[in-house]
Amino acid sequence: MAIRLANNCINCDHYVDGGICAIHKVMVSGKHTCDSFDMKLSLKNDRNCLSCARFETEHCAHPDHASAGMLCASWAPQAEA
Ligand code: SF4
Ligand code: SF4
C-alpha cells in the first residue's frame, strides 16, 4: 500500500526556517503536529489524481471519479524517479 504525506510540522505552512512554529513560537519538528496544521501551499498544489501513486491502480479509493484536478484523502506521493 502506498504511503501518504504526514500532517506534521515539517509539511505545515506555519513552519518557518529554523524550525520555529509561527503560531506557537516554539521549536517544532517532524515529530510534532497540532490542530492548526495547514498543508504547505506548494504541497497542496501538487496534490491531485495525476500526481497520486494510486491513480489507475487497484488501490485508488475512487476509480470511477479519479481525474485531473480531483483529489481525495487517500492521495499518496509517487516515488522519486
Ligand atoms: S505546531 Fe501546528 S501550526 Fe505550528 S508548525 Fe506544527 S502543525 Fe503547524
Ligand atoms: S481518487 Fe484519491 S486515491 Fe484515487 S487517484 Fe485520486 S487522489 Fe489518488
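Residues numbered from 1 in each chain as written. Chains lettered and ligands numbered in written order. Predicted model: local features only at pLDDT ≥ 70, side-chain atom pairs only at ≥ 80, totals over all residues. Heavy atoms only, no water.

1. Things to note about the site of ligand 1
C9, C12, H14, Y15, C21, I23, H24, T33, C34, S36 and F37 make up every residue found near ligand 1. Among the residues making up the shell around ligand 1, the classes are represented as 7 nonpolar, 4 polar and no charged. (Near = heavy atom within 4 Å. Nonpolar A, V, L, I, M, F, W, Y, C, P; charged D, E, K, R; others polar.)

2. A few points about the environment of S42
For S42, the position within the fold is in helix α1 (residues 41-45). As for S42 and N11, which are separated by 31 residues in sequence, their C-alpha atoms are 9.7 Å apart. (Helix = DSSP H or I, 4+ residues; strand = E, 2+ residues; numbered from the N terminus.)

3. Some points on the environment of F37
Summarising the element assignment, F37 is placed in the loop between β2 (20-21) and α1. For the pair formed by F37 and N7, sequence separation is 30 residues and the distance between their alpha carbons is 6.9 Å. If sequence neighbours within four positions are ignored, F37 has contacts with A6, N7, N8, N11 and C12. (Contact = heavy atoms within 4.5 Å.)

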